[in-house]
Amino acid sequence: MTAPEALREKVESVGQGHVLAFYDELSSEHQDLLRRQIEAMDFGQLSEWVETYVRRKPKFDLPADVQPPEIVPSDGGPLAKSAKQRGEELLAAGKVAAFTVAGGQGTRLGYEGPKGCFPATPVVKKPLFRLFAEQIRAAALRYGVTIPWYILTSPTNDTATKAHFRQNDYWGFSPKDVIFVVQGTMPAIDFNGKLLLARKYRLAVSPDGHGGSLSALRKSGALDEMASRGVEQISYFQVDNPLVRSLDPLFIGLHDLAGAEMSAKALPKREPMEKLGNFCVIDGKTRVIEYSDLPEELARSCLPDGRLKFSAGSIAIHLFRRSFVERLTADGRCLLPLHRADKKVPYVDPAGGQTTQPAEPNAVKLEMFVFDALPLAEKTLLLETRREEEFSPIKNMDGADSLATSLHDQVRRWATWLESVGIGVPRDADGRVAAAVEISPLYADSAEELRKKVDKTITISPGQNFYLGSRGQIGGS
Ligand code: UTP
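Each value, and the rule that gives it
- Residues numbered from 1 in each chain as written.
- Predicted model: local features only at pLDDT ≥ 70, side-chain atom pairs only at ≥ 80, totals over all residues.
- Heavy atoms only, no water.
- Helix = DSSP H or I, 4+ residues; strand = E, 2+ residues; numbered from the N terminus.
- Rg over C-alpha atoms; globule rule 2.2 N^0.38 Å.
- Contact = heavy atoms within 4.5 Å.
- Areas by Shrake-Rupley, 256 points an atom, 1.4 Å probe, with all protein chains shown as cover.
- Lys, Arg positive; Asp, Glu negative; His and termini not counted.
- Charge placed at Lys NZ, Arg CZ, Asp CG, Glu CD.
- Pairing = 2+ DSSP bridges.
- Axes fitted to C-alpha atoms, helices over the stretch in contact; angles between N-to-C directions.
- Polar contact = N/O pair within 3.5 Å; in protein donor to acceptor, adjacent residues only side chain to side chain.
- Salt bridge = Lys/Arg side-chain N within 4 Å of Asp/Glu carboxyl O.
- Buried < 20%, exposed > 50% of the residue type's maximum accessible area, 1.4 Å probe, protein only.

In this section: the overall build of the chain. Tallying secondary structure elements over the chain gives 14 helices and 21 strands in all. For a compact globule of 477 residues, the expected C-alpha radius of gyration is about 23 Å, and the chain comes in at 24 Å, within 12% of that figure. Its C-alpha atoms put the chain at 75 × 55 × 50 Å along the principal axes. Sequence separation of 24 or more characterises 74% of the internal contacts of the chain that already satisfy a separation of 6 or more. Carbon and sulfur atoms form 49% of the exposed surface of the chain, whose accessible area is close to 21,500 Å². When the 60 positive and 62 negative side-chain charges of the chain are each reduced to one mean point, those points stand 3 Å apart.

See the structure below:
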């Protein structure tokens, strides 16, 4: 069958006729796939993107007046007690949902399969999804309530993610309380503004960035579903940080008492040029400026007391008021600014039909970043957190931010908790923990929780694989 006239006209009128180069030779099933993909594309918008982001490289113009933001100290400051209580009340009233963004491609880690299935803990090798499931279930048990868990997937990893949950009995959740939300995609565009074919019957697309999570919540019906459950606050975190406290009563309470629409946890940077987004205030609005956009001179500037002026790094832990996400997505989408990244995208040559694996970047990928929602909020709150307690992501196969560094940091954190309650942990001459130590979040998800229940006579030997299970039973080897 030849391509329907209307379809051909649609793509040819915007100079994208090559996407139908193989249409006539495709099976009817593949023709359908391609046709639906093309029909779903807004070509008016595509031309705009080509003009704005492909033909030109958008330059970031730093405004003249950039100020550091106010940040609540990690102990919560003077409001700590009432805030924690407020957070606990909200949790106990079922007004908080967990939201994990897990739609990324995880190219740097190079793991086959969704990153959430990656074995990430030191003794039990729990997949990341299990670790978070245990944290959320621990909170649900503590507060005697159901806490729904929303998980952002992409069209590429949705099926595999759902299969992982099915095969593992939803890690103890009731299936109706784990809600998968598939994010949108953006086409890959070559430097001449042409769409690329990943296959003869499929355009090359990639997930539209974690910023796409907000419109995905709307389009999937998840926001309405949250409303029907009485959920008011969304606790947002990334799939690759095993140290995250996915539901933190102090953070939730501070955010709520401040009347914030969106909040974020901030980390003191290790050094001025650390590759973390920088929290700043511009025109009275809190924003994140990417590390590559903050001039070195500003990144190194200090306050009169010698502290770094822009010391607060963004680690993608947020709270959203549901009403804020509803407002942002009221017209059915959420147009956060797009960010351009030049990538190597394999493509089928429309002339010869062969697949080319480019050695150099050949295309533009466009993504939205969730932190760009911050300046759209009427009110925001930033809470400082401690790196050793809450941030050690698994991004790379080796080197910095890899499984090795994260395992080290997980062991160190759990060992510190044990020591803080009086249990000895073997350490080597350099003070490094000389055993593998892991605690189930279902048993204790903080040092405070551990103190309430642990048997203080426990001993851990050098080299031991020590696991404190959900009921306090000792496992490992
Ligand atoms: P990263 O920026 O680390 O990207 O995502 P990534 O795709 O996982 O990994 P690389 O860059 O290809 O190696 C940070 C978080 O945002 C989620 C990821 O799953 C991760 O939890 N994310 C990212 C999405 O959910 N969707 C996206 O489109 C992009």
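So, about the sheet that holds strand 21 (residues 474–476). Taken in spatial order, the 3 strands line up as 19-20-21 in an open sheet, and their pairing is mixed. Only two strands of the sheet have a single partner each, and these edge strands are strand 19 (436–439) and strand 21. The average undirected angle you get between the axes of adjacent strands in this sheet is 25°. Of the strand pairs in this sheet, strand 20 (residues 465–468) and strand 21 are connected by 3 bridges, and their pairing is antiparallel. Bridge pairing in strand 21 links F466 to G476. In this fold helix 13 (residues 403–420) packs onto strand 19 and strand 20, with an angle of close to 75° to the strand it touches most, strand 19.

Below, the discussion takes up the environment of A3. Its location among the elements puts A3 in the segment before helix 1 (5–12). Sequence separation between A3 and A341 is 338 residues; the distance between their C-alpha atoms is 33 Å. Contact partners of A3, with chain neighbours within four places excluded, come to R8, L20, Y23 and D24.

Looking now at the side chain of R322. By secondary structure assignment, the location of R322 is in helix 11 (residues 322–328). One polar contact links R322 to E326, side chain to side chain, over a distance of 2.8 Å. When sequence neighbours within four positions are dropped, the list of residues in contact with R322 reads L223, M226, A227, V231, E232 and I234.

Bringing unusual backbone geometry into the picture now. Despite not being glycine, Y170 shows a phi value in the positive range, around 55°. With respect to the element layout, Y170 can be found in the loop between helix 6 (158–167) and strand 3 (178–182). Located in the positive-phi region is D401, a residue other than glycine, with phi close to 50°. Within the secondary structure, D401 is located in the loop between helix 12 (387–390) and helix 13.

A few words now on the sheet that holds strand 17 (residues 363–368). On the basis of which strands lie adjacent, the open sheet formed by 3 strands has the order 5-17-14 and antiparallel pairing. Only two strands of the sheet have a single partner each, and these edge strands are strand 5 (189–190) and strand 14 (338–343). As paired strands, strand 14 and strand 17 are joined by 6 bridges and run antiparallel to one another. When the bridges of strand 17 are listed, R340 appears paired with L366.

Under the criterion given, the structure shown has 40 salt bridges. Across the pair K95 and E232 runs a salt bridge, and its minimum N-O distance is 3.5 Å. You can see K95 sitting in the loop between helix 4 (80–92) and strand 1 (96–101) and its partner E232 sitting in the loop between helix 8 (222–229) and strand 9 (233–238), a full 137 residues away along the chain. Classification of K95 by relative accessible area gives partly exposed; the value is 26%.

Counting through the fold element by element, L141 comes out in helix 5 (residues 128–143). On a C-alpha basis, the gap between L141 and A92 in space is 9.7 Å, while along the polypeptide they are 49 residues apart.

By themselves these figures say nothing about function.
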